[in-house]
Amino acid sequence: MNESAMLNESGAGSPESSWLEAEAFDANQTLALSSAGLDFHVNPWDIMLCLSGTVIACENAIVVAIIFYTPTLRNPMFILIGSLATADLLAGMGLILNFAFQYLVSSDTISLITVGFLVASFTASISSLLAITVDRYLSLYNALTYFSENTLHYVHLMLVGTWGASLGLGLLPVLGWNCLDDASTCSIVRPLNRTNLTLLATSFFVIFVLMLTLYFKICKIVCHHAHQIALQQHFFTTSHYVATKKGISTLAIILGTFGASWLPFAIYCLVGEREYPPVYTYATLLPATYNSMINPIIYAYRNTEIQRSIYMLFCGCFQTNGLYRSRSPSEV
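Residues numbered from 1 in each chain as written. Predicted model: local features only at pLDDT ≥ 70, side-chain atom pairs only at ≥ 80, totals over all residues. Heavy atoms only, no water.

Participant: Please give an account of the overall build of the chain that cites residues and values.
Facilitator: Each helix and strand counted, the chain has 9 helices and 2 strands in total. Mapped in sequence order, the helices and strands of the chain form the string α-β-β-α-α-α-α-α-α-α-α. Accessible surface, the chain: about 17700 Å² in total, of which carbon and sulfur atoms supply 67%. (Helix = DSSP H or I, 4+ residues; strand = E, 2+ residues; numbered from the N terminus. Areas by Shrake-Rupley, 256 points an atom, 1.4 Å probe, with all protein chains shown as cover.)

Participant: Lay out the side chain of Asn-295 with the relevant residues and their values.
Facilitator: In this structure, Asn-295 sits in helix α8 (residues 278-301). The exposure class assigned to Asn-295 is buried, which follows from its relative accessible area of 3%. In terms of polar contacts, Asn-295 uses its side chain to reach the side chain of Asp-88, at 3.1 Å. (Buried < 20%, exposed > 50% of the residue type's maximum accessible area, 1.4 Å probe, protein only. Polar contact = N/O pair within 3.5 Å; in protein donor to acceptor, adjacent residues only side chain to side chain.)

Participant: Any details on the nonpolar core? Residues and values, ideally.
Facilitator: Ranked by internal contacts, the top residues of the largest apolar core, which has 64 residues, are Ile-81, Met-211, Tyr-215, Phe-258, Trp-262 and Tyr-299. Mapped by element, the contributors of at least two residues to this core are α2 (44-69), α3 (76-104), α4 (108-141), α5 (149-171), α6 (194-232), α7 (238-271), α8 and α9 (304-314). For this core, the element with the most residues is α6, which contributes 12 residues. In contact with Met-211, other than residues within four places in its own chain, are Leu-129, Leu-130, Thr-133, Leu-255 and Phe-258. (Core = buried A, V, L, I, M, F, W, Y, C linked by side-chain atoms within 4.5 Å. Contact = heavy atoms within 4.5 Å.)

Participant: Requested: an account of the packing of aromatic side chains, with residues and values cited.
Facilitator: Inspection of every chain in the model, using the stated rule, returns 13 aromatic pairs. Ring geometry for Tyr-268 and Tyr-276: centres 6.4 Å apart, planes at 35 degrees, overall tilted. Using a relative accessible area of 10% as the deciding quantity, one classes Tyr-268 as buried. A network of ring pairs unites the aromatic residues Phe-122, Phe-204, Phe-205, Phe-208, Phe-258, Trp-262 and Phe-265 as a single cluster. (Phe/Tyr/Trp six-rings, centres within 6.5 Å; stacked < 30°, edge-to-face > 60°.)

Participant: Describe the pattern of salt bridges, naming the residues involved and giving the relevant values.
Facilitator: As enumerated under the stated definition, the model contains 2 salt bridges in all. The partner of Glu-273 in a salt bridge is Arg-194, and the shortest N-O contact between them spans 3.9 Å. Of this pair, Glu-273 sits in the loop between α7 and α8 while Arg-194 sits in helix α6, and the two are 79 residues apart along the sequence. Between Glu-275 and Arg-274 there is a salt bridge, with its nearest N and O atoms 3.7 Å apart. The class of Glu-275 is exposed, set by a relative accessible area of 52%. When its relative accessible area of 35% is taken as the criterion, Arg-274 is described as partly exposed. (Salt bridge = Lys/Arg side-chain N within 4 Å of Asp/Glu carboxyl O.)

Participant: I'd like a rundown of the packing of α3 against α4, residues and numbers included.
Facilitator: As a packed pair, α3 and α4 sit with axes 8 Å apart at the nearest point and diverge in direction by 160 degrees. In terms of orientation, α3 lies roughly antiparallel with respect to α4. Crossing hand, α3 versus α4: left-handed. For the contact of α3 with α4, a count of residues per class yields 18 nonpolar, 7 polar and 2 charged. (Axes fitted to C-alpha atoms, helices over the stretch in contact; angles between N-to-C directions. Parallel < 35°, antiparallel > 145°, perpendicular 65-115°, else oblique. Left-handed = near helix turned anticlockwise from the far one by under 90°. Nonpolar A, V, L, I, M, F, W, Y, C, P; charged D, E, K, R; others polar.)

Participant: Which residues make up the environment of Thr-213, and what values go with them?
Facilitator: Looking at the element boundaries, Thr-213 is found in helix α6. A polar contact is formed between the side chain of Thr-213 and the backbone oxygen of Val-209, at a distance of 2.9 Å.

Participant: Tell me about the packing of α2 against α8, residues and numbers included.
Facilitator: Running from N to C, α2 and α8 point in directions that differ by 15 degrees, and their axes come no closer than 10 Å. Considered as vectors, α2 and α8 are oriented roughly parallel to each other. Crossing geometry of α2 relative to α8 is assigned as left-handed. Along the lines of polarity and charge, the residues of the contact of α2 with α8 split into 18 nonpolar, 4 polar and 2 charged.

Participant: An account of the side chain of Asp-88 is needed here, citing residue identities and associated values.
Facilitator: Within the element layout of this structure, Asp-88 appears in helix α3. Of the side chains with opposite charge, Arg-136 comes closest to the buried, unpaired Asp-88, at an N-O distance of 13 Å. Among the polar contacts made by the side chain of Asp-88, one reaches the side chain of Ser-125 at a distance of 2.6 Å. With residues up to four places along the chain from it excluded, the contact list for Asp-88 reads Ile-56, Asn-60, Ser-125, Ser-292 and Asn-295. (Lys, Arg positive; Asp, Glu negative; His and termini not counted.)

Participant: Go over the environment of Ser-121, please, and point to the residues and values.
Facilitator: Take Ser-121: it is sitting in helix α4. Given the relative accessible area of 3%, Ser-121 is considered buried. With 29 residues separating them along the chain, Ser-121 and Gly-92 place their C-alpha atoms 8.8 Å apart. Among all residues touching Ser-121, those that are not within four sequence positions of it are Ala-87, Leu-90 and Ala-91.

Next up, the structure:
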């Protein structure tokens with residue numbers, strides 16, 4: 001009797017886990033750190049998410065700083081790349097803060113704020129990718145009028161829509177669309193309820209289909225342009241073929257990377273249940289964060305203009321020869 005009473009007393013004060021780590025601290029999924037007789041459990045998956053967030057924040061902070069401090073990077077394409085880098089920077093910071101708050105200042109309120117912050121950041125990242133795709137399509141479809149004032153207005157409208165929708169989705173858990181009062185409605189990502197997570201997953205699939213459609217149209221325009229050039233020059237040179245093939249391959253890599261990163265997590269959000277082992281959620285969420293790690297490489301660091309600015313920022317020895325004009329997305 002005394003032993004059972006002691007067991008009951010020892011189990012009464014155990015704190016409730018939050019977010020993804022609920023039910024995850026078993027012998028196979030946790031790392032125990034002992035100090036002064038106290039056990040402090042750290043989930044290795046949370047460590048990997050924090051490391052991923054650190055890399056994401058560092059990569060995108062450089063891109064944001066370069067675009068902000070370089071006057072020549074002010075055309076619509078770089079404004080949208082800056083929006084993407086800002087969203088990914090916030091997402092990386094959110095992963096770091098979530099790790100810190102989860103193990104140092106754990107509470108339901110903090111959990112709602114950090115999860116809402118992450119939802120808003122990743123939604124803005126995905127929406128910015130769609131905005132970049134729309135901008136690339138417009139630069140090809142309306143190539144002659146791309147550098148007009150109307151394009152800048154469209155970009156500003158897309159930015160307002162992107163960040164407005166992202167902020168709205170991020171505020172839903174904080175405003176009450178959560179499962180803190182009814183655990184039976186929880187999704188695989190606590191404290192989001194299943195309806196909220198289904199809305200987010202459905203929004204992703206809508207954006208993915210739109211991007212897929214736009215990139216298909218971009219491929220058609222690229223092939224049509226290549227064919228027109230070949231007719232004007234009376235033959236289709238090897239260089240034209242290589243350039244066209246490289247352009248289509250680049251579009252396939254962009255879309256394939258995005259889909260491979262986010263599709264597993266989006267699908268699992270629709271089919272997963274809260275009773276499933278948390279390791280499944282971690283295993284699909286971690287690759288999704290890699291998309292924010294790859295974005296600056298695809299959209300920023302491979303860009304000649306940004307490379308030039310990096311040389312000027314870190315080396316201070318790069319001298320430009322003559323006047324320089326930023327290229328449009330269709331030229332890139």
